[in-house]
Amino acid sequence: MTRLMVDARSVRKTFGSNEVLKGINLTVEQGQVLVLLGPSGSGKSTFLRCINHLETINGGRIYVDGDLMGYRQAGDVLHEMKPSAIAAQRRHIGMVFQRFNLFPHLTALENVIEAPIGVNRESAAAAKARGIKLLERVGLGDKFNHYPSQLSGGQQQRVAIARALAMEPKLMLFDEPTSALDPELVGDVLNVMRDLAKEGMTMIVVTHEMGFAKEVADTVVFMDQGLVVEAGTPEEVLDHPKHERTRAFLNSVL
Amino acid sequence: MNDDDVVAKPLRHPWRWVSGVLLIAALSGIVYSLWSSPSINHNIISKYLFDPKILQGAVLTVVITVVSMLIATILAVILAVMRLSPNPLLKLVSSAFVGFFRGTPLLLQIVFWGYLGIIYPTLTIGIPFTDVVFVHGQTSMLLPSLAAGIIALSLNEAAYAAEIVRAGILSVDGGQKEAAASLGMSGGYTLRRIILPQAMRVIIPPMGNEFISMLKSTALLEVVAVLELYTQATMISAQNLAQVELLVVAGFWYLVMTTILSIPQRQLEKKYGRGFNVSGTTGGRMFGFGNRIKMPRGGTAA
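Residues numbered from 1 in each chain as written. Chains lettered and ligands numbered in written order. Predicted model: local features only at pLDDT ≥ 70, side-chain atom pairs only at ≥ 80, totals over all residues. Heavy atoms only, no water.

Looking at a nonpolar patch on the surface
All names here are of chain B.
Right, so step 1: Taken together, Leu107, Val111, Phe112, Tyr115, Ile118, Ile119, Tyr120, Leu220 and Val223 make up a surface patch of nonpolar side chains, about 810 Å² in accessible area.
Right, so step 2: If you list the elements that add at least two residues to the nonpolar patch, you get helix 5 (106-114) and helix 6 (116-119).
Right, so step 3: Top element by residues in the nonpolar patch is helix 5. It accounts for three residues. (Patch = residues over 30% accessible without salt bridge, like charges linked within 9 Å, V, L, I, M, F, W, Y side chains within 5 Å. Areas by Shrake-Rupley, 256 points an atom, 1.4 Å probe, with all protein chains shown as cover. Salt bridge = Lys/Arg side-chain N within 4 Å of Asp/Glu carboxyl O. Helix = DSSP H or I, 4+ residues; strand = E, 2+ residues; numbered from the N terminus.)

Encoded structure:
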């Protein structure tokens, strides 16, 4: 009964002559949380951005819920998709960025309801009602009319999560969601993510928060220099790492 | 009042007073010399200040300015987007357009459009290689000097405004585009709803400049006999030979119009500054700015 939400097959990505991803294979089942660990420059953020085709890949295939991302395969021939088709694919994949990337000219609620109304053609009243519920769910029930510049980093990131959830995604991608936050604001954001995982959301999280990885992740993947070094349960990878490289990394961050 | 309140005599600035008095003296000297000059006839100035022809000219000047500016702004957005598109052909066309219209004098362009009839005595608009013709006639009839003037001003202004719009678009953080893409927004939607509203903040101040510059450039349409303010003034002075007096009249109205047209800029800046002009990133502290931003008390929705 398991459904593969993400199926990445030998994904390669180069920037110029620099090969950032050298053949990544990994799968995420529906409802699972996968945490990506690795030193900076290991390619984990790039890989995340390849999943929703913010970056094009140079080799391999990425399937999200069975759909090939960014391309259409006809027999042996691969066709680039039209931008509108790629946009349609992205609607089902939520993404949360390290630097929030909220729309600064819109209030918290307007940020959340912009895409449901403009992209999904939801009625303004329905989108607003859902948007209010989502903001309440991330603990910002009293901040609807605040602009991003009036919110703390942690609050902004929770608005960003609500904004992504408003599209009712089947997969959520988190790109170092707490790295730009003051330490005392990290907890609120992680709590929201923890609740989301409990409710069965499929998530891929790039993070350095080991506590979160240990508690929430079903699978932890350690990447280095564009390759998956080690993958397994949090106990296997975090507590009993098999590879020297993983051990060195864990020692450096703990 | 506390014991440790700062009670001090304010620092005196005698030179400010001295220079202020000197400035007023110099200004009144200039005004007096103009006023008392025997070559300026004040009766003529007051007679023509509200002359119907002058007022008609002023109205036409505003109409030409607003229409040309509207056309130019629309063209500018299209040119800027073309320039920033990945399509090399669109890029080239946009750069060539900007290069051409910025690279030749406005006066030359006005004369060119005004005398288009010399190059093309008749104009035909239709579908090439078919018998379908939408418009056909004498160029001078189809393109009266007013239309020619508006075309000249719009195209020239579009070239400058395109660079302003492009700078505005480039000023928006790249993360905005990515966030919009991740939400499944199309490129056009992102431009309209996310990028341009933020770019406007950067675009409006220089466009205000362009607007005022355009208002004054309309005077150049005198060479193709468009009956705007400056043409009307020169036509009157050609008859009564009171050139200076009518320049004063025209100058007065140009000043009035540029002053009035500067007001909407402030309103626009306020509108597109929303979300940016609030201070403080870690709390609700803000300076009263406009009435659009209200701090909610409790959980009331927008």
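As for the confidence of the model for chain B
Residues and elements named next belong to chain B.
Right, so step 1: Per-chain confidence: chain B averages 88 in pLDDT, with 91% of residues scoring 70 or above.
Right, so step 2: Predicted confidence for residues 279-302 stays below pLDDT 50, and this span has 41 contacts to residues more than four positions away or in other chains.
Right, so step 3: In the predicted assembly, ipTM is 0.94 and pTM is 0.84. (pLDDT = per-residue confidence, 0-100. Contact = heavy atoms within 4.5 Å.)

Quick notes on the environment of lysine 47 of chain B
Right, so step 1: Tracing the chain through its elements places lysine 47 of chain B in helix 2 (residues 42-49).
Right, so step 2: Taking relative accessible area as the criterion, lysine 47 of chain B reaches 57% and is therefore assigned exposed. (Buried < 20%, exposed > 50% of the residue type's maximum accessible area, 1.4 Å probe, protein only.)

So, the packing of helix 12 (residues 243-261) of chain B against helix 13 (residues 263-272) of chain B
Residues and elements named next belong to chain B.
Right, so step 1: Two elements in contact, helix 12 and helix 13, have axes whose closest approach is 4 Å; the angle formed by their N-to-C orientations is 15°. Our classification of the angle between helix 12 and helix 13 gives roughly parallel. For the pair helix 12 and helix 13, contact is made by Thr259, Ile260 and Leu261 and by Ile263, Pro264 and Gln265, respectively.
Right, so step 2: Residues of the contact of helix 12 with helix 13, tallied by class, amount to four nonpolar, two polar and no charged. (Axes fitted to C-alpha atoms, helices over the stretch in contact; angles between N-to-C directions. Parallel < 35°, antiparallel > 145°, perpendicular 65-115°, else oblique. Nonpolar A, V, L, I, M, F, W, Y, C, P; charged D, E, K, R; others polar.)

A closer look at the side chain of glutamine 150 of chain A
Residue and element names in this part refer to chain A.
Right, so step 1: Mapped onto the secondary structure, glutamine 150 falls in the loop between helix 4 (124-137) and helix 5 (153-165).
Right, so step 2: Of the residues examined, glutamine 150 reaches a relative accessible area of 1% and is grouped as buried.
Right, so step 3: A polar atom in the side chain of glutamine 150 sits 2.7 Å from the backbone nitrogen of tyrosine 147. (Polar contact = N/O pair within 3.5 Å; in protein donor to acceptor, adjacent residues only side chain to side chain.)

Quick look at the sheet that holds strand 8 (residues 93-96) of chain A
All names here are of chain A.
Right, so step 1: With mixed pairing, the six strands of this open sheet are ordered in space as 8-9-10-3-11-12. Unpaired on one side and paired on the other, strand 8 and strand 12 (227-232) mark the two borders of the sheet. If you compare each strand with its neighbour and ignore which way they point, the axes differ by 15° on average.
Right, so step 2: By the bridge criterion, four bridges tie strand 9 (residues 171-175) to strand 10 (residues 203-206) in an arrangement that is parallel. Within strand 10, the residue paired with methionine 172 across the bridge is methionine 203.
Right, so step 3: Together, strand 3 (33-37), strand 8, strand 9, strand 10 and strand 11 (219-224) form the strand contacts of helix 1 (residues 44-51), whose direction differs from that of strand 9 by roughly 150°.
Right, so step 4: Here helix 9 (residues 244-253) sits on the sheet and contacts strand 3, strand 11 and strand 12; the angle it forms with strand 11, its principal contact strand, is near 100°. (Pairing = 2+ DSSP bridges.)

Quick look at the pattern of salt bridges
Side chains that differ in charge, positive against negative, can pair when their charged atoms come close.
Right, so step 1: The full count for this structure, using the stated rule, is 19 salt bridges over all chains.
Right, so step 2: Note that arginine 274 of chain B and glutamate 110 of chain A form a salt bridge whose closest N and O atoms lie 3.4 Å from each other. One end of the pair, arginine 274 of chain B, is in the segment after helix 13; the other, glutamate 110 of chain A, is in helix 3 (residues 108-118), on a second chain.
Right, so step 3: Classification of glutamate 110 of chain A by relative accessible area gives partly exposed; the value is 27%.
Right, so step 4: For arginine 194 of chain A, the salt bridge identified is with glutamate 215 of chain A, shortest N-O distance 3.1 Å. Of this pair, arginine 194 of chain A sits in helix 6 (residues 183-198) while glutamate 215 of chain A is found in helix 7 (residues 210-216), placing the two residues 21 residues apart along the sequence.

Describing the environment of aspartate 4 of chain B
Right, so step 1: Note on placement: aspartate 4 of chain B falls in the segment before helix 1 (14-36).
Right, so step 2: Through-space distance from the C-alpha of aspartate 4 of chain B to that of serine 154 of chain B is 64 Å; in sequence the pair is 150 residues apart.

Re the nonpolar core
Right, so step 1: In this structure, Leu36, Phe47, Ile51, Leu171 and Ile204 of chain A together with Met185 of chain B are the most contacted members of the largest nonpolar core, which totals 76 residues.
Right, so step 2: Tallying contributions element by element places helix 8 (residues 145-170) of chain B first for this core, with 12 residues.
Right, so step 3: Ignoring any residue separated from it by four or fewer positions in sequence, one finds isoleucine 51 of chain A in contact with Val6, Ile62, Val64, Met69, Ile93, Leu171, Leu173 and Ile204 of chain A.
Right, so step 4: Counting residues in hydrophobic clusters, the runner-up holds 49 residues, among them Val138, Phe212, Val216 and Leu250 of chain A. (Core = buried A, V, L, I, M, F, W, Y, C linked by side-chain atoms within 4.5 Å.)

Thoughts on helix 10 (residues 187-217) of chain B
Right, so step 1: An ideal rise of 1.5 Å per residue puts 45 Å on 31 residues; helix 10 of chain B reaches only 36 Å between its terminal C-alpha atoms.
Right, so step 2: Maximum bend of helix 10 of chain B: about 45°, positioned at isoleucine 203 of chain B, with proline proline 205 of chain B one to four residues after it. (Expected span 1.5 Å × (residues − 1). Bend = angle between axes of the 7 residues up to and from the residue.)

Points about the sheet that holds strand 1 (residues 4-15) of chain A
Right, so step 1: The four strands lie next to each other as 2-1-4-5 (chain A), forming an open sheet whose pairing is antiparallel. Of all strands in the sheet, those bounded by a partner on one side alone are strand 2 (18-29) and strand 5 (67-68) of chain A.

Brief notes about unusual backbone geometry
Residue and element names in this part refer to chain A.
Right, so step 1: Here the phi dihedral of aspartate 65 falls at roughly 50°; this positive angle occurs in a residue that is not glycine.
Right, so step 2: Positive phi is not limited to glycine here, since glutamine 225 has a value of about 50°.
Right, so step 3: With respect to the element layout, glutamine 225 can be found in the loop between strand 11 and strand 12.

Some thoughts on the pairing of strand 6 (residues 71-74) of chain A
All names here are of chain A.
Right, so step 1: Of the strand pairs in this sheet, strand 6 and strand 7 (residues 77-80) are connected by four bridges, and their pairing is antiparallel. Across the sheet, residue alanine 74 finds its bridge partner in strand 7, namely valine 77.
Right, so step 2: Between strand 6 and strand 7, which pair antiparallel in sequence order, lie two residues; one of them, glycine 75, sits at a positive phi of approximately 65°.

Here's the deal with the packing of aromatic side chains
Here a ring pair, both rings aromatic, is described through the centre-centre distance and the interplanar angle of the planes.
Right, so step 1: The tally for this structure, following the rule as stated, stands at six aromatic pairs over all chains.
Right, so step 2: Seen in terms of ring centroids, phenylalanine 222 of chain A and phenylalanine 249 of chain A are 5.1 Å apart; in terms of plane orientation they differ by 45°. Their pairing is tilted. Highlighted residues: phenylalanine 222 of chain A in strand 11 and phenylalanine 249 of chain A in helix 9, separated in sequence by 27 residues. Of the two residues examined, phenylalanine 222 of chain A and phenylalanine 249 of chain A, each falls in the buried class.
Right, so step 3: Where phenylalanine 252 of chain B meets tryptophan 253 of chain B, the ring centres are 5.2 Å apart and the plane angle is 75°; that geometry is what we call edge-to-face.
Right, so step 4: One aromatic cluster is present, built from ring pairs that chain together Phe50, Phe252 and Trp253 of chain B. (Phe/Tyr/Trp six-rings, centres within 6.5 Å; stacked < 30°, edge-to-face > 60°.)

Thoughts on helix 4 (residues 88-103) of chain B
All names here are of chain B.
Right, so step 1: With 16 residues, helix 4 should reach 22 Å at 1.5 Å per residue; the first-to-last C-alpha distance of 22 Å fits that figure.
Right, so step 2: In this structure, the buried side of helix 4 is in contact with helix 3 (52-84), helix 5 and helix 8.
Right, so step 3: Between a side-chain oxygen at the N-terminus of helix 4 and the backbone nitrogen of leucine 89 the separation is 2.9 Å; the capping residue is asparagine 87.

Quick notes on the pairing of strand 1 of chain A
Residue and element names in this part refer to chain A.
Right, so step 1: When strand 1 meets strand 2, the two strands line up antiparallel, connected through nine bridges. Bridge assignment links valine 11 to a residue of strand 2, and that residue is isoleucine 24.
Right, so step 2: The turn joining strand 1 and strand 2, which pair antiparallel and follow one another in sequence, is formed by two residues; a positive phi near 65° is taken by glycine 16.
Right, so step 3: Alignment of strand 1 against strand 4 (residues 59-64), held across five bridges, turns out to be antiparallel. Paired with alanine 8 across the bridge in strand 4 is isoleucine 62.

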